[in-house]
Amino acid sequence: MIGKIFLTIQKAIPAAMLIVLYAAGAVMRPVIGPEEYRNWLAVPADAGCFAVIWEWAAACGNVRFAPVAAALAGVAAVWWFVRLHRPVLAEPAAVLTAITGLWYFCGTSATVLMFWSAALVWAVLGCSAVVTARGTGRIVAAALAVAGIAGVIAGWPVLLRLEDFRQVEMMPLLVIGSLPLLLLVSPVYGGWRQVDMRSPLTRTALAGVVLSLAAAWLGPAGLPAMVPFLAVIWVLSLEQVLAEPEGVARFNRVLRNWLVVVLLAAMLIFGLQLGVRLKLLGGDWRLYRQPGKYVMVILIAGITVGWWRFAIREERPWQKLRAFAVGFSILLLAAPTLLTDRTLERIAPAEALRRVVPHDGMIAAESGLLPALRYLGVPSDRLLDIGGITDPAGAVQQGSAAGPFTVITRQMLPPAFPPPARRTRLISSGIRIWEYDRR
């Protein structure tokens, strides 16, 4: 009896972990991504057909409730679909989907990116299940397919308007977002050759990957949409790997290697900060302005390593993946707070502008920086979009007649603007500030 209770608790840990992970992501103060700095209660310009959902979430007090619900609905769809074919793999596939960085961060950000991604996942899984399901399951599959196809078609213009992830500066974020799938590439490669390619589960996953790649060529929503299908492929491969002692040893070896990487990275960060505090290194090596942040790095690394060591000692195959998932979720939960100040200032412009934004006068800024300025409380009547200024010299003269006029860009000052009185560059973020005095 006690053994059954303990086993039930162990199975419930991943579900509880996912609830905590996504709940925390929905209510914690946002720190990354330019879309986070929108006017929270206003429908964003790229909401399109999803505006109704956005307004519903705003009425609930937090617009991030909507993408969180979409992300969890996608996880539930993966669990339901895999359960139709291989019940033992349903939980691992759902957990691996939920803890992959691209899916988690898109699901807990104030963005409509997750809506279209979830719709594509529903469409593919629903259409496949209509063919294979029976009875009530076929009705559920048909409803899921219709909802998914409707979301994909209605949201197509939204997909094309979203920021493109194919830019070079986005590649590091994509690599980080692909964890933990990248961490498990080695054991997955060993089991991929033994996967049954004729299985409906495998064919559906491969078809989903192809469709997601095609969508990713047009807009970024295809990238997170690929995550559930890759998770299914990963779990199918891990099933083959963990069925043999050699595969279990390979899985454990991978975890040991990453365990060392996490510990070394934490100690390196701690050493750099200690060197700065002891005057052994200059201020250029300072990663955080608040000392508590690098102490937190050590704490999070210790918790993660503890769960991964538990995964290594565990003999039951899927319990290994559960323990790995719990440890990785700790990293995801703390990831925004572990970003260095320079990285934060570069990808979250409000953090860089907070200390230098002028308190009066007109501000002309690039469209990508306007949401950050609004987030900082600058009234809309003081903001101008540089792209909409047809007469720069006249705009400067008119603006500076009433007070200081400031131009904020990430590039050089457009040539049509007159020479400013002062120039300032925020080195960490690359933001340039051009100031004109009152005339």
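As the structure is a prediction and not an experimental result, all values here were calculated from the model.

Reading guide: rules and limits
Residues numbered from 1 in each chain as written. Predicted model: local features only at pLDDT ≥ 70, side-chain atom pairs only at ≥ 80, totals over all residues. Heavy atoms only, no water. Helix = DSSP H or I, 4+ residues; strand = E, 2+ residues; numbered from the N terminus. Buried < 20%, exposed > 50% of the residue type's maximum accessible area, 1.4 Å probe, protein only. Contact = heavy atoms within 4.5 Å. Areas by Shrake-Rupley, 256 points an atom, 1.4 Å probe, with all protein chains shown as cover. Phe/Tyr/Trp six-rings, centres within 6.5 Å; stacked < 30°, edge-to-face > 60°. Expected span 1.5 Å × (residues − 1). Pairing = 2+ DSSP bridges. Axes fitted to C-alpha atoms, helices over the stretch in contact; angles between N-to-C directions. Parallel < 35°, antiparallel > 145°, perpendicular 65-115°, else oblique. Left-handed = near helix turned anticlockwise from the far one by under 90°. Nonpolar A, V, L, I, M, F, W, Y, C, P; charged D, E, K, R; others polar.

### Thoughts on the overall build of the chain
Phase 1 of the analysis: The number of helices and strands found in the chain is 19 helices and five strands.
Phase 2 of the analysis: Counting across all 439 residues of the chain, residues that qualify as buried make up 49%.
Phase 3 of the analysis: The long-range share in the chain, meaning contacts at least 24 apart out of those at least 6 apart in sequence, stands at 68%.
Phase 4 of the analysis: Surface summary for the chain: the accessible area is close to 21000 Å², and the carbon and sulfur share equals 66%.

### Some thoughts on unusual backbone geometry
Phase 1 of the analysis: Look at the link from Leu179 to Pro180: it is a cis peptide, with omega at 10°.
Phase 2 of the analysis: You can see Pro180 is positioned in the loop between α9 (171–177) and α10 (185–192).
Phase 3 of the analysis: With a phi angle near 65°, Lys279 is a residue other than glycine that sits in the positive phi range.
Phase 4 of the analysis: For Lys279, the location among the structural elements is in the loop between α13 (245–277) and α14 (291–313).

### Here's the deal with the packing of aromatic side chains
Any pair of aromatic rings gets described here by the distance separating the centres and the angle formed by the planes.
Phase 1 of the analysis: Counted under the stated rule, the structure contains nine aromatic pairs.
Phase 2 of the analysis: Pairing Phe270 with Tyr294 gives two aromatic rings, centres 5.9 Å apart and planes at 65°, and the pair type is edge-to-face. Placement of the pair is Phe270 in helix α13 and Tyr294 in helix α14, with a sequence separation of 24 residues.
Phase 3 of the analysis: The class for Phe270 is partly exposed, based on a relative accessible area of 30%.
Phase 4 of the analysis: With relative accessibility at 9%, the residue Tyr294 sits in the buried group.
Phase 5 of the analysis: Members of the aromatic cluster, each reached through a chain of ring pairs, are Tyr22, Tyr104 and Phe105.

### Description of α13
Three or four residues apart is the spacing at which side chains of an α-helix point the same way, because the helix has 3.6 residues per turn.
Phase 1 of the analysis: Between its first and last C-alpha atoms α13 spans 48 Å; for 33 residues at 1.5 Å apiece the expected length is 48 Å, and the two agree.
Phase 2 of the analysis: Two residues or fewer after α13 comes Lys279, characterised by a positive phi angle close to 65°.

### A few points about the sheet that holds strand β4 (residues 422–426)
Phase 1 of the analysis: Taken in spatial order, the five strands of this open sheet run β2-β1-β3-β5-β4, and their pairing is mixed. With partners counted over all chains shown, the strands left at the sheet margins are β2 (383–385) and β4, one partner each. Strand-to-strand twist of the sheet, defined as the mean angle between neighbouring strand axes without regard to direction, takes the value 20°.
Phase 2 of the analysis: Pairing between strand β1 (residues 362–365) and strand β3 (residues 405–409): four bridges, direction parallel.

### Observations regarding α14
Phase 1 of the analysis: In a regular helix each residue adds 1.5 Å, so 23 residues correspond to 33 Å; α14 covers 34 Å between its end C-alpha atoms and thus fits that length.
Phase 2 of the analysis: Turning to α14, its buried residues are Lys293, Tyr294, Val297, Ile300, Ala301, Thr304, Val305, Trp308, Ala311 and Ile312.
Phase 3 of the analysis: Its buried side turned inward, α14 meets α13, α15 (317–338) and α16 (341–347).

### Brief notes about the packing of helix α3 (residues 65–85) against helix α6 (residues 113–132)
Phase 1 of the analysis: Two elements in contact, α3 and α6, have axes whose closest approach is 9 Å; the angle formed by their N-to-C orientations is 20°. On the basis of their axis angle, the class for α3 and α6 is roughly parallel. Between α3 and α6 lies a crossing whose hand is left-handed. Here Ala66, Pro67, Ala70, Ala71, Ala73, Gly74, Ala77, Val78, Trp80, Phe81, Leu84 and His85 of α3 lie close against α6, whose contacting residues are Met114, Phe115, Ala118, Trp122, Leu125, Ser128, Ala129 and Thr132.
Phase 2 of the analysis: Of the residues that constitute the contact of α3 with α6, the class distribution is 16 nonpolar, four polar and no charged.

### Quick notes on the pairing of β3
Phase 1 of the analysis: Along β3, five of the five residues are buried, which leaves the element largely enclosed by surrounding structure.
Phase 2 of the analysis: Across the two faces of β3 the burial is the same, with Phe405, Val407 and Thr409 and Thr406 and Ile408 all buried.
Phase 3 of the analysis: Direction of pairing for β3 relative to strand β5 (residues 431–436): antiparallel, over a ladder of five bridges. Following the sheet pairing, Ile408 is matched in β5 by Ile433.

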